[in-house]
Amino acid sequence: MASEELTATITGLLHAKGLNPGDISLSALDGGGNNRVFAVDSDAGKFVAKAYFTDAADTRDRLGAEYGFLSYAASIGLRAAPTPIACSIEHHVGIYEFIGGSKLDVTRLNKEHVLAAAGFIAALNAGAGRGGALPLASEACFDIEQHLSTVDRRLAKLMELPIADEIDCQAQLLVDDISAVWREQRAHIAAADAPDLDAADRCISPSDFGFHNALLKSDGELCFIDFEYAGWDDPAKMVGDFFCQPAVPVPQMYFDDFISAALRYSGKVETLRARAHLLLPVSQIKWCCIMLNEFLPEAARRRQFANPTSMPEQRKRMQLDKTKLFFQSRLA
């Protein structure tokens, strides 16, 4: 349930934009595992409000990243993402255009949808002055060592988990298996001695980009949402994340088609394609770690903030099963 303070904050932000919302009503939406998301019904129209998670152990500026990214997208005329309306840094709240639509599932996903997603990336990166003052994406990587170190850090955290019960034991055994595969993949990637990414080939990345964060509108167009990790990044990481997110898996047969359409901003598409293929195992191992975040205390606090009624043990079991399936199908 939304608090009176949140209701007052949203009302004040809409008034400050010259809107007359009247008495607003908020209804909770599924906002993923990090934030609280509400539909806002008002006399001034319908909006989406997000109350962003904050924690001393997680210093990422989720509101700043998302609001800045959407402001940039709006400034270049992109309509495949919501328009930002207002925000309060003090209260960690953002208000956005409400987009009506349905979630895509894997049974409806086709090549046209994949190419639409690629077109969104291409449009974000078109033009000489792209990006402006956008920040680096969360866990941005621009050389091979940064990619490898990102996975090293995530695995190290999981290796240090306290074992309190049987499910923790099962998780630790899985982490051991993942680590063994990672050692082999890490050595192979390091031996490839790939060059650092040229600054001109960096991309503006939505980060955590995929059809789990998309709505299919009634006119058949896609709208992409949820950009709290967005910013400048290595296109290989953006591509890897797109094909590794487990909620709505994208078939690997579209890998090269996606790259050709998404990375056409660069004159070195074939070089970036080879880089994306080389670094795909990094994304696969990283997503195994991300799915096991339920076992980390700070991630558990985010989930509890986003959904106070959720059950931690049930979430752990579900994520452990998903990770096993992903690992066995992609890496084992």
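The structure reproduced in this document is the subject of the present report. Note that the structure is predicted; figures quoted are calculated from it, not measured.

Cut-offs and rules
What you see as residue numbers is a count from 1 along each chain, following the sequence as written. Predicted model: local features are reported for residues with pLDDT of at least 70 only, side-chain atom pairs are reported and counted for 80 or more only, and whole-chain, interface and lining totals are derived from all residues. Hydrogen atoms and water are omitted, and side-chain values are computed over all heavy atoms in the structure. Note on pairing: DSSP must find at least two bridges between two strands before they are called paired. In DSSP terms, a helix is any run of H or I states spanning at least four residues, a strand is any run of E spanning at least two, and both are numbered starting from the N terminus. The criterion used for residue contact is that any of the two residues' heavy atoms lie within 4.5 Å. Under this scheme, a helix contributes an axis fitted over its contacting stretch, all axes are lines through C-alpha atoms, and angles between N-to-C directions fall in the 0 to 180 degree range. As used here, the term nonpolar core means buried Ala, Val, Leu, Ile, Met, Phe, Trp, Tyr and Cys residues forming a set that is joined through side-chain atoms within 4.5 Å. Between buried and exposed lies partly exposed: a residue is buried under 20% and exposed over 50% of the maximum accessible area for its type, with that area taken using a 1.4 Å probe on protein chains only. Counted as salt bridges are all cases of a side-chain nitrogen of Lys or Arg within 4 Å of a carboxyl oxygen of Asp or Glu.

### Looking at the sheet that holds strand β8 (residues 214–216)
And step 1. Strand order in the open sheet made by the 3 strands is β6-β8-β9, with antiparallel pairing throughout. The sheet is open, and its two edges are formed by β6 (102–103) and β9 (222–224), each paired on a single side.
And step 2. Where β6 and β8 come together, 2 bridges link them in antiparallel fashion. In the strand pairing of β8, S102 is matched with L216.
And step 3. Helix-sheet contacts for helix α3 (residues 111–124) involve β8 and β9, and the interaxial angle to β9 is about 50 degrees.

### Let's talk about the nonpolar core
And step 1. Formed by 83 residues in total, the largest nonpolar core has its most connected members in F120, F211, F224, F242 and F258.
And step 2. With 12 residues, helix α8 (residues 269–291) is the single largest residue contributor to this core.
And step 3. In terms of nonpolar packing, the next biggest core, distinct from the first, is built from 14 residues, L6, I10, F38 and A51 among them.

### Digging into the pairing of strand β5 (residues 93–97)
And step 1. The element β5 is extensively covered by neighbouring structure, given that 4 of its 5 residues are classed as buried.
And step 2. Examined bridge by bridge, strand β3 (residues 45–51) and β5 share 5 bridges and lie antiparallel to one another. Each residue of the ladder has a partner; that of V48, found in β5, is Y96.
And step 3. Bridge analysis of strand β4 (residues 84–88) against β5 gives 4 bridges, and the strand direction is antiparallel. When the bridges of β5 are listed, A86 appears paired with I95.
And step 4. What sits between the antiparallel neighbours β4 and β5 is a turn of 4 residues, in which H92 has the positive phi angle 60 degrees.

### Some words on the environment of A261
And step 1. Take A261: it is sitting in helix α7 (residues 255–262).
And step 2. Since its relative accessible area comes to 15%, A261 is described here as buried.
And step 3. Once you skip the residues sitting within four places of it in the chain, A261 turns out to touch L115, A118 and A122.

### Some remarks on the pattern of salt bridges
And step 1. Counted by the stated rule, this structure contains 19 salt bridges.
And step 2. Measuring nitrogen to oxygen at the nearest pair gives 2.5 Å for the salt bridge that ties R62 to E228. In this pair, R62 sits in helix α2 (residues 62–75) while E228 sits in the loop between β9 and β10 (231–233), placing the two residues 166 residues apart along the sequence.
And step 3. A relative accessible area of 4% places E228 in the buried class.
And step 4. Note that R317 is salt-bridged to D321, the shortest N-O span being 3.7 Å. Placement of both R317 and D321 in helix α10 (residues 312–330) is noted, with a separation of 4 residues, approximately one turn of the helix.
And step 5. Its relative accessible area of 39% is what places D321 among the partly exposed residues.
And step 6. Each of K50, E66 and D226 takes part in a single network of salt bridges with overlapping partners.

### Here's the deal with the sheet that holds β5
And step 1. Ordered by their spatial adjacency, 5 strands build an open sheet running β1-β2-β3-β5-β4, and the pairing between neighbours is antiparallel. The two strands at the open ends of the sheet, each matched to only one other strand, are β1 (25–29) and β4. Strand after strand, the sheet turns through a mean of 25 degrees between neighbouring axes, direction not considered.
And step 2. Where strand β2 (residues 36–42) meets β3, 7 bridges bridge the pair, whose relative direction is antiparallel. Residue pairing for β3: A39 is matched across the bridge by V48.
And step 3. The strands that helix α1 (residues 4–16) touches are β1, β2, β3, β4 and β5; relative to β5, the one it contacts most, it runs at about 55 degrees.

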